[in-house]
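What the coordinates show
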Amino acid sequence: MKEFFNKLLTGMSIGIVVSLIPNALLGEILKLLIPSFPFLQHILDITTIIMSLLPVMIGVMIGVSFKLTAIQTASVGIAAMVGSGAIQKTADGLFALNGIGIVVNTGITAALTVLFVKFVGNRLKEYSILLLPTLSILIPGMIGYLILPYMKSTTGLIGVAIAKTTSLQPVIMSIIISVIFCIIILSPISTVGVATVISLSGIGSGAANLGIVAAGIGLAIASYKANALGTALAHVLGSPKIQMRNFFMKPKIIIPMLITAAVLGALAGMLNIQGTPYSAGFGLSGLVGPLNYMHLAAGGWTTQNITIMVTTFFILPILLNSVLIYIFSRKLKMIKSEDYKLHFD
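The structure contained in this document is the topic of the report that follows. (Residues numbered from 1 in each chain as written. Predicted model: local features only at pLDDT ≥ 70, side-chain atom pairs only at ≥ 80, totals over all residues. Heavy atoms only, no water.)

For Asn246, the position within the fold is in helix H11 (residues 244-249). Setting aside its immediate chain neighbours within four residues, Asn246 contacts Ile253, Asp339, Tyr340, Lys341 and Leu342. (Helix = DSSP H or I, 4+ residues; strand = E, 2+ residues; numbered from the N terminus. Contact = heavy atoms within 4.5 Å.)

What follows is the structure in structure tokens.
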């Protein structure tokens, strides 16, 4: 069971990062350039479409993790798309992309499909290419499709729980939200989805965003010795979800990041750092978080606002995480660089 869970999370992590990185790296930059260079809108549209292919990528990468055959891997990919909710039928009978879908349900559907194709094995023989994709859609795919509404409701309940913290005193509320989002970004749950469901904006969004920044920068610092520099940077420029498997296996590896998130969350409440539901889910990816803060800050690009942005989004996350990682690894011996090793083979 542990090995199954490991392979499942590894596949999900790779699929998520590969699908989200293009838009994360280019999205906000393209939005700034499009008014002057309208033709760049096509590139932005393409990266957005790629994000909606996330369920297929998760299914395919899970198939690769389990070393399935080509037909089995493709079947997992299409079944995952069926259970994701990433495509919806409109009132006009057309099909429209619906973001990245419900990532948790995508993972569940993919897991069921892996079990199904392994159960079928070679029983279909030369008819595998004809029957396996169809059966994968009709059985595990449709199970995922049927439980999708319930998974949406579950995600909504998590969102409601987070929203209730906004009724607390701003600093306390910001600490709680920052820590919660620091954890959510390392789970199969979509931070963008949760933030959108509860329309998380203002200081709550700023705190959530800083929680993700704490996770991304902290994991990049903690993991660079165990992984290549480019892989370490993927935690910041892509998504901290790349560490999802390691987090589930050893939750203690994010203690330094949680403490950093708490400090940054408090600062969000004290310094009135704001954001939108979109920025609450991306952190530093594509500079979405800091740019949204500057757009919403009173006075715009003033020296004071730039100083707050640079300090809270870059300097403090690096300093706090570096000190805490040193303490927890060298002094307390609770974590080590190997805990953050990523396996893509």
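The next thing to look at is the side chain of Ser239. Of note, Ser239 is situated in the loop between helix H10 (229-237) and H11. Classification of Ser239 by relative accessible area gives buried; the value is 5%. Dropping the residues within four chain positions of it, Ser239 is found in contact with Val17, Ile185 and Ala234. (Buried < 20%, exposed > 50% of the residue type's maximum accessible area, 1.4 Å probe, protein only.)

Once that is clear, we can look at the packing of aromatic side chains. Under the criterion given, the structure shown has five aromatic pairs. Seen in terms of ring centroids, Phe4 and Phe66 are 5.0 Å apart; in terms of plane orientation they differ by 55 degrees. Their pairing is tilted. With Phe4 in helix H1 (residues 2-33) and Phe66 in the loop between helix H3 (54-65) and helix H4 (70-84), this pair connects stretches of sequence that are 62 residues apart. Geometrically, the ring pair formed by Phe247 and Phe248 is edge-to-face, given 5.5 Å between the ring centres and 65 degrees between the ring planes. On the basis of relative accessible area, Phe247 is assigned to the buried category, the value being 11%. Classification of Phe248 by relative accessible area gives partly exposed; the value is 33%. One aromatic cluster is present, built from ring pairs that chain together Phe5, Phe247 and Phe248. (Phe/Tyr/Trp six-rings, centres within 6.5 Å; stacked < 30°, edge-to-face > 60°.)

One broad trend across soluble globular proteins is that nonpolar side chains are buried collectively. One finds Phe181, Met257, Tyr293 and Phe313 to be the most contacted residues of the largest nonpolar core, which totals 49 residues. Of all the secondary structure elements, the ones that give two or more residues to this core are helix H6 (128-164), helix H7 (170-184), helix H8 (191-197), helix H9 (202-223), helix H12 (255-271), helix H13 (288-296) and helix H14 (303-331). Looking at this core element by element, the count peaks at 11 residues for H9. The next biggest cluster of nonpolar side chains, apart from the first, holds 26 residues, and it includes Leu9, Met12, Ile16 and Ala110. (Core = buried A, V, L, I, M, F, W, Y, C linked by side-chain atoms within 4.5 Å.)

Read these as geometric descriptors, not functional statements.
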